[in-house]
Structure formats: structure tokens, C-alpha cells
Amino acid sequence: VESVHYQGTMTTTDGDAGTVDIIFMRPYYQLIVVEVENIRQTTALSGYDGWEKVEDMNNAADWQLTLLEAPQIRRLQANAWESLNFYKVNRQKKVVVTYEGESEIDGITCDEIAFRHDATIRFVRYFDVATGRLVLSTTEQGGEIREEGELMVDGIRFPKRLQTSVGENSSTIEFELIQVNQTYDEDLFDVPMLMPSPGS
């Protein structure tokens, strides 16, 4: 898989609703665009550069661009790798995979497997022993991701919904479109040019 493109809707526990557009592309490209009411938040990775832009869709002059720091970039790289490799380890990426034993999640006996990208980035996956279904994913930051439903695209099984939570904050994404191996220009992921506002 060279790229995956997701489009869907998002709702939060606070009652906010919006749209989500996500692209992952090899080797380390990622673009996540979330629109809620009049606010668009874009988070992107272009190889070893990462950035985030927040803008008011009703006011083109009202926006803020932030360049991400090294720890944030490494996390986005790990997230891109996880999203494209489907738990398969290769020689190009030094990911340490360890079997942590059995755990019970939501009353289901699961195999607990840890994927360590470095000393500070770790994804733990819990797979149903009986069926192999992914029941839960967690991060070292306390985040939890649960998958529901199923969409088959080009012979690959994707979730229909993602439920994510960090502390008391949670959201649900329902995918309406998933595309595999589309081609995207690398410029799509580049840091936007900083254009001065009129009169500045």
C-alpha cells in the first residue's frame, strides 16, 4: 500500500460536528484536515518537516501557522508508518515489536502486542485471540482508539468508525470514503508559504 485516503464525518462528546479528510503516503507524508463550524485545522508531515495551520474559513486573513518540533514530527512519522504498514515490520524502519501476553479488554481475551518506534513513542494493540480482530489500540500518552464496523477496499479490511479518547475528550469518526494507492503530489504536504497580509 503506497497511500490511503480517508474522508468522513466527526462528532465529539461536546456535541461538535464536522468533516475529516486524511491522507497517508509513503514514506513519510501525512495530511489531516478537520473542519468544525467555521474553523479549519490542518496538520501535515512532509518527510522531516511538520506543520499545523488553524484558519477561520469566514475570514481568509485570520490564520495561524505553527512549525512542529522534532518530537511531534517523530510521532507523525510513526503514525504514518503504522497507517501504511498494517503491523508488518520491515528493514527500513526500526520498530521493535514485542508480545506482552494476554489481556482482557471489554470482556474479550486479547493478545497484547507493543510496537515501539523509540523510547518515547509506543503503540499497543490488543487483538482478539479467537478471531484476530483488533479490539483496542493505546498510546503512551494515554490515548485509546477503538474500531467498529467494516469497509472492504481493494481486498483490505478498514474500520467503518473510529472512536478515539484522550482523558475526558473523545470523538467518533465515521468514514464515508476510503481510497487506496491514489497518487498525490508531494507539494500537497509542504509547509505553506507565508504571504504577508495586505498593508503589512
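Coordinates for the structure precede this section.
Report follows, based on the coordinates. Values in this document were obtained by computation on a predicted structure and should not be read as measured data. (Residues numbered from 1 in each chain as written. Predicted model: local features only at pLDDT ≥ 70, side-chain atom pairs only at ≥ 80, totals over all residues. Heavy atoms only, no water.)

Section: the pattern of salt bridges
Stage number 1. Taken as a whole and assessed by the stated rule, the structure comprises twelve salt bridges.
Stage number 2. For Arg161, the salt bridge is made with Glu148, and the minimal N-O distance between the two is 3.1 Å. A residue pair is termed long-range when its members are at least 10 positions apart, and Arg161 in strand β14 (residues 161-166) and Glu148 in strand β11 (residues 143-148) qualify at 13 residues.
Stage number 3. A relative accessible area of 30% places Glu148 in the partly exposed class. (Salt bridge = Lys/Arg side-chain N within 4 Å of Asp/Glu carboxyl O. Helix = DSSP H or I, 4+ residues; strand = E, 2+ residues; numbered from the N terminus. Buried < 20%, exposed > 50% of the residue type's maximum accessible area, 1.4 Å probe, protein only.)

A word on a negative patch on the surface
Stage number 1. On the surface, a cluster of negative charge is made up of Asp49, Asp185, Glu186, Asp187 and Asp190.
Stage number 2. Inspection of the secondary structure puts Asp190 in the segment after β15 (169-180).
Stage number 3. Its relative accessible area of 35% is what places Asp190 among the partly exposed residues. (Patch = residues over 30% accessible without salt bridge, like charges linked within 9 Å, V, L, I, M, F, W, Y side chains within 5 Å. Areas by Shrake-Rupley, 256 points an atom, 1.4 Å probe, with all protein chains shown as cover. Lys, Arg positive; Asp, Glu negative; His and termini not counted. Charge placed at Lys NZ, Arg CZ, Asp CG, Glu CD.)

Some thoughts on the pairing of strand β5 (residues 49-56)
Stage number 1. Bridging between strand β4 (residues 39-46) and β5 involves eight bridges; their strand directions are antiparallel. Directly across from Gln41, in β5, lies its bridge partner Val54.
Stage number 2. Hairpin connection, β4 to β5: the antiparallel pair is bridged by two residues, and Gly47 has positive phi, about 70 degrees.
Stage number 3. Relative to strand β6 (residues 59-67), β5 runs antiparallel, the two being bridged by six bridges. The partner of Lys53 across the bridge, within β6, is Leu65. (Pairing = 2+ DSSP bridges.)

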